[in-house]
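Descriptive analysis of the structure
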Amino acid sequence: MRLPSQRHLFDLPEGLVWLNCAYMSPQSRTVGDAGREAIERKASPWRVRPEDFFAESEALRRLFATLVEADAEGVALIPSVSYGMAVVAANVPVQVGQRLLVLADEFPSNVYPWRELAQRSGGQVVTVRRPRDGDWTQALLAELDERTALVAVPHVHWTDGGLVDLERVGARAREVGAVLAVDGTQSVGALPLSVARVRPDFLVTAGYKWLMGPYSQGYLYVAPRWRDGRPLEHNWLTRGGSEDFARLVDYRDDFQPGARRFDVGERSNFVLVPMALAALRQVLAWGVEDIQTTLRVLTERVARGAREMRLEVAEEHLRGGHLVGIKRSGGYGAEVASRLAARQVFVSVRGDSLRVSPHLYNSEADVDRLLEELDALV
């Protein structure tokens with residue numbers, strides 16, 4: 001179902017066109033209200049009860065699990081994608097000569113951990129070249145063989161929305177004994193992703209883009225076979241019996257169940273967690289499939305207009321419907337985005353693409369405004 005405009009839920013100035021959700025989502029009024037209320041509560045610490053260190057973060061864990069069709073026991077609360085990928089790198093065994101697959105032009109937080117892992121293990125980072133036909137899935141499958149220890153890929157490429165068929169890649173990874181680590185930052189919340197169907201070993205996502213939440217609140221899903229692994233840090237909240245504040249001096253070696261051992265310290269953040277809860281509730285209320293259906297109409301309008309300007313856009317079946325990259329020979333300089341911003345139209349230049357990423361606060365009129373301004377510049 002195509003959703004009606006949700007602009008009334010956001011504080012967006014009249015005349016401003018924000019087609020840049022892949023950079024950062026604006027906060028809805030509800031999320032902002034939750035943050036202000038949380039700040040007021042933190043100003044009065046006598047209102048923060050011991051059980052509050054657990055109840056809200058557990059609710060957040062359950063909401064994220066619902067969103068990706070996972071079990072809540074497999075969800076850890078983390079501050080960033082780099083933190084989540086560091087957990088993966090600390091737990092995945094790599095032998096000398098084994099390969100770690102990444103995509104060309106991948107986001108740095110999904111590259112640097114594997115370079116470090118390869119350096120200390122004797123493995124080799126192999127970069128899958130950008131396919132000329134735009135089919136990332138086939139390019140990945142062609143490289144994914146018995147030499148592979150790890151496949152670290154996004155659901156859609158962050159620069160232009162190029163789509164990876166995670167179910168096919170996951171099936172092949174299991175067949176050859178490779179670990180699948182997915183960066184869902186540019187898809188979770190806007191494009192359906194089912195842990196039950198993809199069966200990744202790890203799924204990491206930031207929460208401030210398509211999940212509409214605050215900065216520094218992210219999520220890590222860990223498959224059952226990895227849940228007894230080694231956490232990056234050792235904090236009191238993740239240990240057994242931490243609910244009993246009076247007995248924290250009775251140090252314990254056991255952890256809280258499931259993936260909670262991988263939670264970041266101070267995961268109960270009394271400002272960010274209430275904001276993230278409000279954001280996930282809104283995303284679930286809209287429905288991810290309906291979000292994708294609605295945004296695909298807008299990105300297809302972008303694609304048609306761009307092609308009329310003789311610019312290049314990937315075919316619809318090769319990209320996510322919520323994010324589209326417009327390419328041209330020679331690429332773009334940062335000044336193109338700056339000149340559009342001066343006209344109150346906001347997009348990003350990423351790699352050789354002008355990246356356009358609408359959300360439910362956008363309309364077809366916003367797309368037409370972008371195309372008009374872009375035509376004048378290009």
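Preceding block: the structure.
Since we're looking at a predicted model, the values are computed, not measured.

Turning our eyes to something else, we now look at the overall build of the chain. When helices and strands are tallied, the chain shows 11 helices and 12 strands. The C-alpha radius of gyration of the chain comes to 21 Å, within 12% of the 21 Å expected for a compact globule of 378 residues. Viewed in the frame of its principal axes, the chain has a C-alpha envelope of about 70 × 55 × 35 Å. A total of 378 residues make up the chain; the buried ones form 58% of that total. Taking contacts inside the chain between residues at least 6 apart in sequence as the whole, the part at least 24 apart equals 73%. The chain carries 46 positive and 50 negative side-chain charges, and their two centres are separated by 2 Å.

Throughout the structure, instances matching the rule amount to 12 aromatic pairs. For arginine 239, the ring lying beneath its charged end belongs to phenylalanine 255, and the centroid distance is 4.3 Å.

Right, let's talk about helix α11 (residues 364-377) for a bit. Between the first and last C-alpha of α11 there are 20 Å, a value that for 14 residues agrees with the 20 Å anticipated at 1.5 Å per step. All of the buried residues along α11 are Asp366, Val367, Leu370, Leu371, Glu373, Leu374 and Leu377. Elements that come into contact with the buried residues of α11 comprise β1 (17-18), α9 (288-308), β9 (324-327), α10 (334-342), β10 (345-346) and β12 (353-356).

Taken in spatial order, the 7 strands of this open sheet run β2-β8-β7-β6-β5-β3-β4, and their pairing is mixed. Two strands bound the open sheet, and with one partner strand each, they are β2 (75-78) and β4 (124-128). Neighbouring strand axes in the sheet, compared pairwise and without regard to direction, differ in orientation by 20 degrees on average. Bridge analysis of strand β5 (residues 148-154) against strand β6 (residues 179-183) gives 5 bridges, and the strand direction is parallel. Residue pairing for β6: valine 153 is matched across the bridge by valine 182.

A few words on the packing of helix α2 (residues 52-67) against helix α8 (residues 272-286). Two numbers describe how α2 lies on α8: the axes approach to 10 Å, and their chain directions differ by 30 degrees. One way to sum up the angle between α2 and α8 is to call them roughly parallel. The two elements α2 and α8 meet at a crossing, and its hand is left-handed. Contacts between α2 and α8 involve Glu56, Ser57, Ala59, Leu60, Leu63, Phe64, Thr66 and Leu67 from the former and Val273, Pro274, Ala276, Leu277, Leu280, Arg281, Val283 and Leu284 from the latter. In terms of residue class, the contact of α2 with α8 is made up of 12 nonpolar, 2 polar and 2 charged.

Spatial ordering of the open sheet is given by β9-β12-β11, a layout of 3 strands whose pairing is antiparallel. Two strands lie at the open edges of the sheet, namely β9 and β11 (348-350), each paired on one side alone. Across the sheet, the mean angle from the axis of one strand to that of its neighbour is 40 degrees, orientation sign disregarded.

On the surface, a nonpolar cluster with roughly 320 Å² of combined accessible area is contributed by Tyr23, Met24 and Tyr215. Following the sequence through the fold, tyrosine 215 ends up in the loop between β7 (202-206) and β8 (218-222). A relative accessible area of 54% means that tyrosine 215 is categorised as exposed.

Phi is mostly negative for residues that are not glycine, and the peptide bonds are mostly trans. Within the chain, arginine 199 stands out as a residue other than glycine whose phi angle is a positive 60 degrees. As for its position among the elements, arginine 199 is in the loop between α7 (195-198) and β7. Taking the relative accessible area as the measure of exposure, arginine 199 reaches 49% and is therefore partly exposed.

For the rest of this paragraph, the subject is the pattern of salt bridges. This structure, assessed with the given rule, holds 31 salt bridges. For arginine 41, the salt bridge identified is with glutamate 56, shortest N-O distance 3.1 Å. Of this pair, arginine 41 sits in helix α1 (residues 29-42) while glutamate 56 sits in helix α2, and the two are 15 residues apart along the sequence. Among the salt bridges present, the one from arginine 261 reaches aspartate 228, with a minimum N-O distance of 3.8 Å. On the criterion of sequence distance, the pair formed by arginine 261 in the loop between β8 and α8 and aspartate 228 in the loop between β8 and α8 is long-range, its members being 33 residues apart.

Calculation criteria
Residues numbered from 1 in each chain as written. Predicted model: local features only at pLDDT ≥ 70, side-chain atom pairs only at ≥ 80, totals over all residues. Heavy atoms only, no water. Helix = DSSP H or I, 4+ residues; strand = E, 2+ residues; numbered from the N terminus. Rg over C-alpha atoms; globule rule 2.2 N^0.38 Å. Buried < 20%, exposed > 50% of the residue type's maximum accessible area, 1.4 Å probe, protein only. Contact = heavy atoms within 4.5 Å. Lys, Arg positive; Asp, Glu negative; His and termini not counted. Charge placed at Lys NZ, Arg CZ, Asp CG, Glu CD. Phe/Tyr/Trp six-rings, centres within 6.5 Å; stacked < 30°, edge-to-face > 60°. Lys NZ or Arg CZ within 6 Å of the ring centre and 35° of its normal. Expected span 1.5 Å × (residues − 1). Pairing = 2+ DSSP bridges. Axes fitted to C-alpha atoms, helices over the stretch in contact; angles between N-to-C directions. Parallel < 35°, antiparallel > 145°, perpendicular 65-115°, else oblique. Left-handed = near helix turned anticlockwise from the far one by under 90°. Nonpolar A, V, L, I, M, F, W, Y, C, P; charged D, E, K, R; others polar. Patch = residues over 30% accessible without salt bridge, like charges linked within 9 Å, V, L, I, M, F, W, Y side chains within 5 Å. Areas by Shrake-Rupley, 256 points an atom, 1.4 Å probe, with all protein chains shown as cover. Salt bridge = Lys/Arg side-chain N within 4 Å of Asp/Glu carboxyl O.

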